[in-house]
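The lines below spell out each chain.
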Amino acid sequence: MKTENRGNFSSKIGVILATVGTAVGLGNVWRFPYIVGENGGGAFLVIYILALLLLGIPGVIAEFIVGRHSHANAVDSFKKLAPKTKWHWIGYSGVLAGFLIMGYYAVVVGWTLEYLTQAILGNLSGMTVEQYGQVFDQFAGHPYWPLVWMVIVMLISTFVVARGVSGGIEKISNVLMPVFFLIILVMVANSFFLPAAGQGMKYLFLPNFSELEPVAILIAIGQTFFSLSLGMGCLITYSSYFKKDVSLAKTATQVVSIDAMVAILSAMIIFPAVFSFGMQPTEGPSLVFKVLPNVFQQMPLGTLWSILFYALLFIAAITSLISLLEVVTAYIYENTSLTRRKAAFIVTGMVLVLGVFASMSFGPLQEVTLFGKTIFDLLDFVTASILLPVGGFFISIFVGWFLDKRIIATELRIKHPKAHLFIKGYIYMLRFFVPACIFAVFLYSLLG
Ligand code: TRP
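A brief report on the enclosed structure follows. (Residues numbered from 1 in each chain as written. Predicted model: local features only at pLDDT ≥ 70, side-chain atom pairs only at ≥ 80, totals over all residues. Heavy atoms only, no water.)

With that settled, the discussion passes to unusual backbone geometry. Its identity as a non-glycine residue notwithstanding, serine 229 has a phi of 55°, on the positive side. The buried category is assigned to serine 229, whose relative accessible area is 13%. In this structure, leucine 301 takes a positive phi of about 60° despite not being glycine. With respect to the element layout, leucine 301 can be found in the loop between helix H13 (287-297) and helix H14 (302-335). Its relative accessible area of 60% is what places leucine 301 among the exposed residues. (Buried < 20%, exposed > 50% of the residue type's maximum accessible area, 1.4 Å probe, protein only. Helix = DSSP H or I, 4+ residues; strand = E, 2+ residues; numbered from the N terminus.)

Here it is as structure tokens:
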């Protein structure tokens, strides 16, 4: 096992920006708005915020404790903290999940780059509603264009990961995340001037619980895990690069808040726009690719808004893709004699093979299904609905029941006269509440 010179995030702001970089991704800008749209708006938002506070924050802190205390990748962290046990299987499942998520995530990141390019070329205007739909279907089903973009986004990620933690991941996050926040704020400000601004905001912020189905709770919890990069050791890997003076509880709270804020801001961009131009937010996964170009072209300065939006989506997505690649690369790099660069290239090669199949689910392999799902949908389902919650369940049990309480106290280092009560309460959450919620959700989804 290579343990020397693993690298660290060099500054506190770098810690926040890199961790926000993994959390904020397609999950916030692409997935969140369409699932709010499918699940009835405001009421879903309330459930989602509860899930973030009650499961998200404790979950993030648990991964941080494991990562920072062990200073090791997703698998070796458990080997160090629980030698000669089977706990490190959580890590194997995480590395596998990271690989499978990349297989379809890279496909969608590729789409964002295609749309950004088309927006810059001015090709995203002058079509009818149906034509926008057809353009997307033709592109996604094209035998090689989506693959070309997928190769490009994986090579960008490989390049960053090969340069290491502070020289690669931290540097790119420090540049891209501020640009991201600038773009999102400009777009939200614009959103308030749209004709249906009021209707969009009402849809998002006015809860109507009569429209909420029980299954929405399940979806909200799944979204929490996906959006926070939780349940597969991604945050273990990132926090293994935190220095000792980083406050874990504070960082977790900040990252979860920023992640929630970005999801809400994205919805504040999308709903007013969609309602203003006579469209519906219930379109599902293709919302941002089929519906939004048509919305943008009807706005003044439409080309500018579409360039900004797809740049936003691309930045969010690429920093998350980098984090996924880092999880698998760190594990391989630290357990072989390969260099970081070689390890990253090998993982990328394998991801591309999987990605070809995922991408072709929209074209030549459309008919190839298992349990009624295409390869793309299957990768999403197996990871987001099974591997992440199961991983989160066991990490919570591991930290709550197995890990020495003194390690938790040392890592949390809360300076407060009642610190022991916080820690006690926190351990109770991890022992009972978090696993019980995940278990209930799981049972419901298997029976339902
Ligand atoms: N959180 C990212 C998003 O919202 C996706 C992601 C990156 C992720 N790394 C992860 C999801 C690890 C689960 C596990 O798009």
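Having put the structure on the table, let's press on.
Next up on the list: the pattern of salt bridges. Two side chains that carry opposite charge are able to pair once their charged atoms sit near each other. The full count for this structure, using the stated rule, is six salt bridges. Glutamate 326 is paired through a salt bridge with arginine 340; the nearest N and O atoms lie 2.9 Å apart. With a gap of 14 residues between them, glutamate 326 in helix H14 and arginine 340 in helix H15 (residues 340-360) connect regions that are remote in the sequence. Overall, arginine 340 belongs to the buried group, its relative accessible area being 10%. If you follow the salt bridges from partner to partner, you end up with Arg68, Lys244 and Glu411 in one network. (Salt bridge = Lys/Arg side-chain N within 4 Å of Asp/Glu carboxyl O.)

Taken as a whole and judged by the stated rule, the model has 35 aromatic pairs. Ring centres 5.1 Å apart and planes at 70° place the aromatic pair phenylalanine 64 and phenylalanine 242 in the edge-to-face group. Within this pair, whereas phenylalanine 64 is found in helix H3 (residues 42-70), its partner phenylalanine 242 is found in the loop between helix H11 (234-239) and helix H12 (248-276), the two being separated by 178 residues in sequence. The class of phenylalanine 64 is buried, set by a relative accessible area of 0%. Considering the side-chain rings of tyrosine 203 and phenylalanine 275, the 5.4 Å spacing of their centres and the 70° angle between planes classify their relative orientation as edge-to-face. With tyrosine 203 in helix H9 (residues 197-205) and phenylalanine 275 in helix H12, this residue pair connects regions lying 72 residues apart in the sequence. In this structure an aromatic cluster arises from ring pairing among Tyr104, Trp111, Tyr115, Phe136, Phe289, Phe296, Phe309, Tyr310, Phe362 and Phe376. In this structure, arginine 340 is placed above the aromatic ring of tyrosine 333, and the distance from its NZ or CZ to the ring centre is 5.4 Å. The ring of tryptophan 401 carries the charged tip of arginine 431 above its face, separated from the ring centre by 4.3 Å. (Phe/Tyr/Trp six-rings, centres within 6.5 Å; stacked < 30°, edge-to-face > 60°. Lys NZ or Arg CZ within 6 Å of the ring centre and 35° of its normal.)

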